[in-house]
Amino acid sequence: MTIDITMPALSPTMTEGAVAKWHKKEGDAVKSGDVIAEVETDKATVEVEAADDGVMGKIVVPEGTKGVKVNDVIAVLLEEGESADSIKAGTAKPVPKAPPAAAAPAPAAAPQPQAPASAPAQPAPKPAAPPQANGGGDRVFASPLARRMAEKAGIDLASLKGSGPHGRIVKSDIDAARGTAPAAATSAPKAAPSQAIAPQAKAPAPAPTAGLPSFTEVPHTTMRKVIAQRLVQSKRDAPHFYLTMDCQIDKLLALRKELNGRKAAEGDHGYKLSVNDFVLRAVALAMKKVPAANASWTETSVRIFHSVDVSVAVAIPNGLITPVIRGAEGKGLAEISNEMKALAEKARAGKLTPEEYQGGTVSVSNLGMYGVRDFAAVINPPQGCILAVGAGEQRPVVKDGAVAIATVMTCTLSVDHRVVDGAVGAEFLGAFKQLIEDPMTMLL
Amino acid sequence: MTDGKFDLVVVGGGPGGYVAAIRAAQLKMSVAVVEREHLGGICLNWGCIPTKALLRTSEVYDLIKHADQYGLTVGQASIDFAKIVKRSRNVAGQLNRGVGFLLKKNKVTVFDGAGKLEGPRTVKVEKDGKPVATLQAKNVILATGARARALPGLEPDGKLVWTYKEAMVPTAMPKSLLVIGSGAIGIEFASFYRTLGAEVTVVEVLPRVLPVEDEEISALARKAFEKQGMKIMTGATVKALKRGSDSVTATIEADGKSQELTAERVILAVGITGNVENIGLETTKAKAERGHVVVNQWAETAEPGLYAIGDLAGPPWLAHKASHEGVIAVERIAGIKGLHPLNVRRIAGCTYCRPQVASIGLTEKAAKDAGRKVRVGRFPFIGNGKAIALGEPEGLVKTVFDADTGELLGAHMIGAEVTELIQGYAVGMSLETTEAELMETVFPHPTLSEMMHESVLDAYGRAIHF
């Protein structure tokens, strides 16, 4: 069966793109991971990788074609043993459009193995995407000066929200994005000058700092602004409620020790599991048990996701970012662990690609390593839940009517009540606790 | 005695107040304007408009004097001062009635009297010391304007030492005139009287005339004025005025030397000061400082619901700034989203002397002082066909761009009709133009506006006609 290669959605707002370049000709062998084409959007040029092995059967959309709709077929890949004849006449035409975005998800239910190329799984919402400005369409409205300043500063206009008339991006928006305080509109008084020089010609109003000790002003980075904008949005729009449970993790620690020790004994190529790796797997499995919690809010519907993509908060210099473990419910502890390490390293080096940090269906924030006992996190919109994980510490617990000592980790789930009700949240947290406290069940 | 309740009471019916009132009416507010003297304020009645009428007379007079250049033989023009002044007053009167009509059409209630706050939400109206009305308002905009600033020892007396007001309605032509202050007001009167034949001396404390303008423009203006026979003393201070029966002797100090100068009349034009007194500010949290009410970028005072706009709220002292501030204040009250504070750098200023001067944005020096790397374009009137045809070959269009971004930082013009041209650059600046859009714009031929194009081209070494 032939495989259709479609125009990938490279950003949440992308509706069409241009095929800038084909790297493979018809008849070329293609291996999964090969760069087959370059796709250009108004924001960037991105290499598209093959997701499958095969032979380039037909290039449907020639190089340089602009305005190709997302999900339209741009080429057809032949699997082993197929010939170009197997390309049905009809495939040259764009396949029926993907279901409208609102009904999006269902990668598994796709009728035929579409090649999503290198792009992130199409349905995943991309909450980490910067705020979209300028209403619909692809055209970004910006003043000529703002355009040029953005170009010089390497700022993506599409990532900014315009403050000008009708959301147009203006100079002050670029100034703000660059972290330079917009030069206060200094008034050059334009009026009859006086014989005695008017004193008001002097400096602008004093900064509102009277009574403050000396300080250093750290101008906002783009990341700081995005954090501020999104978290304010979250606290404003998402009615948060909080569920807290204590999890005893002595068994988990023992299992972790055993597994980590086993690896040493066998000297294989490696994993070193952290408590957080167990937490991530437990979240994924608990979500699978209580799928109603693996959801996000949209204006018209609640989206219940078919895959658990876990966003993990990673502190980086001057901010934080949330790389995503996709399809975590299908990944083992070692896989999660190694993937997380790689992502965290890339995050700290500032090398995450958008598809590595955009999206996610639930978040985990762990401050245990700082000795935090428990805390409540702000939901990462449009996700429905975030789990805040505290430190594992020895605490007195009551066991069989007597006080005993156990290692306890307190976890608090922040929930968007629009998406997930109390009972569902509690059910999820209970499932999570069960997995954490009886970690062998995670292996099932 | 009437009482009333309004969504908005505007105190002062000048270009700030009446525009604010009309905008508020458009936004379905119930509005009252309290005006103590005449709708349209100083601008319309004793400022911008009547002086433009006077200056038009002097322009026509000058043209007639040079009619020969245009191939016309005209007899000796004579000056009828009463008629000149009457025309100026008629123009003001016509527009004053126009404002009354506009307010009526917009169902704005006008109270004839002086408005005074009694607490933040009550405005008491008095006429000739007698109470007329007590108004309750959800919001109040103060727009009481400003008056000529007086300096100690140089106080105007209305007879020998004039302010703009007396200078506008002279009964006879003074043979000689001393103008103190070379800002827009001083220079316009100096130009008017000089053109009609008076001996005019201008004294300016700063080192150049029209001190807010670009240095190059100031220098060209001075040259033009002196060529017309105006005497100009810069870096000079009037220390004292000795008033005689029909003349004044001024003691002027310059370069450490003192000299005396006698003139029939003196015009005091050393700036203005806001009318902050007797408006009941002290019954609110609002504060006045150095002759103006302290406001933020939305024209809000420290008292919630109380706004101050225009000259009362500080410089630049321009009617169009007052109007725009009025609109912003009203839209702020109405809760309209996406409002932008006034960017004073994008307000053009015009001086209607001969030659005219107009400018917007940063001067070359101010841009450099602000640390900008600049590109400067210049185009002289002598290179423009229309200017030659008009017989106005003197003048300059200067543009200042940010060398890095191409942002149009400022434009400075001197010459015929530049006050009508400057708005082209103002639109460009509001749209945040760079040099590229201005270069791509097609300017009609033959017009003076072509010089605006050429000046931009010149900033990038591409001027065609010079």
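Residues numbered from 1 in each chain as written. Chains lettered and ligands numbered in written order. Predicted model: local features only at pLDDT ≥ 70, side-chain atom pairs only at ≥ 80, totals over all residues.

Undergrad: Explain the overall build of chain A here, please?
TA: If you tally the helices and strands in chain A, you get eight helices and 18 strands. In chain A, 65% of the contacts between residues at least 6 apart in sequence involve partners at least 24 apart. (Helix = DSSP H or I, 4+ residues; strand = E, 2+ residues; numbered from the N terminus. Contact = placed C-beta atoms within 7 Å.)

Undergrad: I tried to follow the overall build of chain B on my own but got confused; where do I start?
TA: Along chain B, the regular secondary structure elements total 13 helices and 24 strands. Buried residues in chain B amount to 50% of all 466 residues. (Buried ≥ 20, exposed ≤ 12 C-beta atoms within 10 Å, placed from the backbone.)

Undergrad: It is not clear to me how the packing of helix H1 (residues 144–153) of chain A against helix H2 (residues 171–178) of chain A should be interpreted in this structure. Could you clarify?
TA: When two helices pack together, their arrangement is given by the angle between the helix axes and by the axis-to-axis distance. Residues and elements named next belong to chain A. It is at 8 Å that the axes of H1 and H2 come closest, and there the two elements cross at 20°. Considering their axes alone, H1 and H2 lie roughly parallel with respect to each other. Only Lys-171, Asp-173, Ile-174 and Arg-178 of H2 make contact with H1, whose side of the interface consists of Leu-145, Ala-146, Met-149, Ala-150 and Ala-153. Looking at side-chain class alone, the contact of H1 with H2 contains six nonpolar, no polar and three charged residues. (Axes fitted to C-alpha atoms, helices over the stretch in contact; angles between N-to-C directions. Parallel < 35°, antiparallel > 145°, perpendicular 65-115°, else oblique. Nonpolar A, V, L, I, M, F, W, Y, C, P; charged D, E, K, R; others polar.)

Undergrad: Explain helix H4 (residues 81–105) of chain B here, please?
TA: Side chains of residues three or four places apart in an α-helix project in the same direction, reflecting 3.6 residues per turn. Residue and element names in this part refer to chain B. Between the first and last C-alpha of H4 there are 36 Å, a value that for 25 residues agrees with the 36 Å anticipated at 1.5 Å per step. Burial in H4 covers these residues: Ile-84, Ser-88, Ala-92, Val-99 and Leu-103. In this structure, the buried side of H4 is in contact with helix H1 (17–26), strand S2 (31–35), helix H2 (41–46), helix H3 (48–65), strand S3 (109–112) and helix H5 (164–168). Trailing H4 by a residue or two, Lys-107 shows a phi angle of about 60°, which is positive. (Expected span 1.5 Å × (residues − 1).)

Undergrad: Just to check I follow, could you spell out the nonpolar core for this structure?
TA: Burial of nonpolar side chains together is a common tendency in soluble globular proteins. Grouped together as the largest cluster of nonpolar side chains are 143 residues, with contacts concentrated most on Val-9, Ala-20, Ala-21, Val-266 and Ile-309 of chain B. Each residue touching Val-9 of chain B, except ones within four places of it in the same chain, is listed here: Ala-32, Val-34, Val-123, Leu-135, Ala-137 and Val-140 of chain B. In this structure, Leu-273, Leu-280, Leu-343 and Leu-435 of chain A belong to the second largest nonpolar core, which totals 53 residues. (Core = buried A, V, L, I, M, F, W, Y, C linked by C-beta atoms within 7 Å.)

Undergrad: Sorry, what's going on with the environment of His-412 of chain B here?
TA: Residues and elements named next belong to chain B. Here His-412 lies in strand S24 (residues 408–414). We classify His-412 as buried; it has 30 C-beta atoms within 10 Å. Expressed as a C-alpha distance, the spacing of His-412 and Ile-422, which sit 10 residues apart in the sequence, is 8.2 Å. Not counting chain neighbours up to four residues away, the residues in contact with His-412 comprise Glu-213, Asp-214, Ile-217, Ser-359, Thr-363 and Lys-398.

Undergrad: I keep staring at unusual backbone geometry and nothing clicks. Help me out?
TA: Residues other than glycine predominantly adopt negative phi, and peptide bonds predominantly adopt the trans conformation. A cis amide bond links Pro-381 of chain A to the next residue, Pro-382 of chain A, at an omega of 5°. For Pro-382 of chain A, the location among the structural elements is in the loop between strand S16 (362–366) and strand S17 (385–399). Of the consecutive residues Pro-315 of chain B and Pro-316 of chain B, the connecting peptide bond is found in the cis state with omega at -5°. Position of Pro-316 of chain B relative to the elements: it lies in the loop between strand S19 (306–308) and helix H8 (319–333). Backbone geometry places Asn-71 of chain A, a non-glycine residue, at a positive phi of 80°. For Asn-71 of chain A, the location among the structural elements is in the loop between strand S7 (68–69) and strand S8 (73–78). Of note in this structure, Arg-290 of chain B is not a glycine but carries a positive phi near 45°.

Undergrad: I tried to follow the pairing of S8 of chain A on my own but got confused; where do I start?
TA: Note on strand geometry: in a regular strand, side chains alternate between the two faces of the sheet. Residue and element names in this part refer to chain A. The buried fraction of S8 amounts to six of the six residues, a majority that puts the element mostly inside the structure. The pairing of strand S1 (residues 3–6) with S8 spans four bridges and is classified as antiparallel. Following the sheet pairing, Asp-4 is matched in S8 by Val-76. With four bridges joining them, strand S6 (residues 54–59) and S8 adopt antiparallel strand pairing. Bridge pairing in S8 links Val-55 to Leu-78. (Pairing = 2+ DSSP bridges.)

Undergrad: Can you help me understand the confidence of the model for chain B in this one?
TA: Low pLDDT means the predicted coordinates in that region are not meant to be read closely. Overall, the prediction assigns chain B a mean pLDDT of 95, with 100% of residues at 70 or greater. Complex prediction metrics read pTM 0.59 and ipTM 0.74. (pLDDT = per-residue confidence, 0-100.)

Undergrad: Before we go on, may I ask you to explain the confidence of the model for chain A in this structure?
TA: All names here are of chain A. Taken over all residues, the pLDDT of chain A has a mean of 78, while the share at 70 or more is 77%. Considering each helix and strand of chain A separately, the mean pLDDT is smallest for strand S5 (residues 45–49), with a value of 76, and largest for helix H8 (residues 422–437), with 96. Throughout residues 89–136 the model reports pLDDT below 50, and contacts reaching past four residues in sequence, or to other chains, amount to 94 contacts. Per-residue pLDDT stays below 50 along residues 181–207; that stretch engages in 62 contacts with residues further than four places along the chain or on separate chains.

Undergrad: Can you walk me through the pairing of S6 of chain A in this structure?
TA: Bridge count between strand S3 (residues 29–30) of chain A and S6 of chain A: two bridges; the pairing is antiparallel. Considered in S6 of chain A, the bridge of Val-30 of chain A is made with Gly-54 of chain A.

Undergrad: Looking at this structure, how should I read the sheet that holds strand S12 (residues 310–312) of chain A?
TA: Adjacent strands of a sheet form backbone hydrogen bonds with each other and so pair up, either parallel or antiparallel. Residues and elements named next belong to chain A. The sheet built from six strands is open, its strands ordered S9-S18-S17-S16-S12-S15 with mixed pairing. The outermost strands of the open sheet, each flanked by one partner alone, are strand S9 (240–248) and strand S15 (324–325). In this fold helix H5 (residues 275–289) packs onto S12, S15, S16 and S17, with an angle of close to 155° to the strand it touches most, S16.

Undergrad: Can you walk me through the sheet that holds S8 of chain A in this structure?
TA: A sheet is described by the order of its strands in space; here four strands give the open sequence S1-S8-S6-S3 (chain A), paired in antiparallel fashion. The open sheet has two free edges, formed respectively by S1 and S3 of chain A, since each of these has just one partner strand.

Undergrad: Whenever I open this one, H1 of chain B confuses me. Can you help?
TA: All names here are of chain B. For H1, the buried fraction is high: nine of the 10 residues fall into the buried class. Buried within H1 we find Gly-17, Tyr-18, Val-19, Ala-20, Ala-21, Ile-22, Arg-23, Ala-24 and Ala-25. Positioned one or two residues after H1, Lys-28 has a phi angle of 70°, which is positive.

Undergrad: Mind showing me how you'd approach the packing of H3 of chain B against H4 of chain B here?
TA: Residues and elements named next belong to chain B. At their nearest, the axes of H3 and H4 sit 8 Å apart, and the two run at 145° to each other. Here the hand of the crossing between H3 and H4 comes out right-handed. From H3, Ile-49, Pro-50, Ala-53, Leu-54 and Thr-57 reach across to H4, where they touch Ile-84, Arg-87, Ser-88, Arg-89, Val-91, Ala-92 and Leu-95. Of the residues in the contact of H3 with H4, the class split is eight nonpolar, two polar and two charged. (Left-handed = near helix turned anticlockwise from the far one by under 90°.)

Undergrad: Explain the environment of Ala-377 of chain A to me, please; I cannot follow it from the model alone.
TA: Residues and elements named next belong to chain A. By the element assignment, Ala-377 lies in the loop between S16 and S17. Looking at Ala-377, the number of C-beta atoms within 10 Å reads 23, which means it is buried. In the structure, Ala-377 is positioned 135 residues away from Tyr-242 in sequence and 9.1 Å away in space, judged by C-alpha atoms. Excluding its chain neighbours within four sequence positions, the residues that come into contact with Ala-377 are Ser-365, Ile-386, Ala-388 and Ser-414.

Undergrad: Before we go on, may I ask you to explain the environment of Glu-450 of chain B in this structure?
TA: Assignment of secondary structure puts Glu-450 of chain B in helix H13 (residues 450–459). Linking Glu-450 of chain B and Phe-379 of chain B, residues 71 residues apart in sequence, is a C-alpha distance of 9.7 Å.

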